[in-house]
Amino acid sequence: MKRCSTCSSEFRFPRFNAIRKLLETRSGRCGEAANLFTCLCRALSFRARYIHDTTDHVWTEVYSESEHRWLHCDACENLCDSPLVYEKGWKKDLIFCTAFAKDHIQDVTWRYVSDFKQTKLRRNINENKYAKVIHRINQNIQAQFNQQEKQQIISF
């Protein structure tokens, strides 16, 4: 399987993040595709989050109410629920994959690698400190919500 053709080739057009502009231009790379797809999912009332891979790719996760889990969705590659495609198909050595939602961030690297213990060795960080930093960020994000919004986060 080839790597994202829009990411690996040189891009000669301006890059946009505004949804209206993305719909108008219909051009971009994986970042634009993920941004647009994530926003469209949210507009349709799906829980969706943007996934950033530090080895240079982005995609979306959409929460499946029927399966009670997050599904990998790569709009750039037209893939759904194929989380190992980057490691197995593209032969990428993933290090950090971070989910960005409106109410939290989360390290989701474990979902996209077949051997998370080996991946953690490549990360070369203190995993406990990293988890504490993510926890503090989530506390700061969620501190901005009112009580009803906080209850919705807890019940999820």
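Described in the following lines is the structure provided in the data block. (Residues numbered from 1 in each chain as written. Predicted model: local features only at pLDDT ≥ 70, side-chain atom pairs only at ≥ 80, totals over all residues. Heavy atoms only, no water.)

Focus: the overall build of the protein chain
Looking only at helices and strands, the protein chain has 8 helices and 6 strands in total. In the protein chain, the succession of helices and strands from N to C terminus is α-α-α-β-β-β-β-α-β-β-α-α-α-α. Burial statistics for the protein chain: of 156 residues in total, 37% are counted as buried. Counting only contacts in the protein chain whose residues sit at least 6 apart along the sequence, the fraction spanning at least 24 positions is 50%. Looking at the protein chain as shown, the accessible area adds up to about 9900 Å², and 52% of this sits on carbon and sulfur atoms. (Helix = DSSP H or I, 4+ residues; strand = E, 2+ residues; numbered from the N terminus. Buried < 20%, exposed > 50% of the residue type's maximum accessible area, 1.4 Å probe, protein only. Contact = heavy atoms within 4.5 Å. Areas by Shrake-Rupley, 256 points an atom, 1.4 Å probe, with all protein chains shown as cover.)

Re the sheet that holds strand β2 (residues 57–64)
Strands sit in the order β4-β3-β2-β1-β5-β6 across an open sheet of 6 strands; the sheet is antiparallel. The open sheet has two edge strands with one neighbour each: β4 (79–80) and β6 (105–107). Pairing between strand β5 (residues 97–100) and β6: 3 bridges, direction antiparallel. Bridge pairing in β6 links F100 to I105. (Pairing = 2+ DSSP bridges.)

A word on the nonpolar core
Core analysis: the biggest nonpolar cluster contains 12 residues, these being I51, W59, L79, V85, Y86, W90, L94, C97, A99, V108, Y112 and V113. Within the residue set of this core, elements represented by two or more residues are α4 (85–89) and β5. Apart from residues no more than four positions distant in its own chain, I51 is found in contact with H57, V58, W59, T60, E61, C97, T98, A99, V108 and Y112. (Core = buried A, V, L, I, M, F, W, Y, C linked by side-chain atoms within 4.5 Å.)

Thoughts on the environment of I134
Within the secondary structure, I134 sits in helix α7 (residues 127–142). Sequence separation of I134 and Q106 is 28 residues, and the distance between their C-alpha atoms is 7.0 Å. Beyond its immediate sequence surroundings of up to four residues, I134 is in contact with I105 and D107.

Focus on α7
For α7, built from 16 residues, the straight-helix expectation of 22 Å at 1.5 Å per residue is met to within 8% by its first-to-last C-alpha distance of 22 Å. Burial in α7 covers these residues: Y130, I134, N138 and I141. Seen from one end, α7 has its buried residues packed into an arc of 75 degrees, which puts them on one side. Facing away from the buried surface of α7 by more than 90 degrees, the exposed residues are N128, K129, K132 and N140. Residue N126 occupies the N-cap position of α7, its side-chain oxygen lying 3.0 Å from the main-chain nitrogen of N128. (Expected span 1.5 Å × (residues − 1). Arc of directions from axis to C-beta. Polar contact = N/O pair within 3.5 Å; in protein donor to acceptor, adjacent residues only side chain to side chain.)

Function cannot be read off these values alone, since they describe shape.
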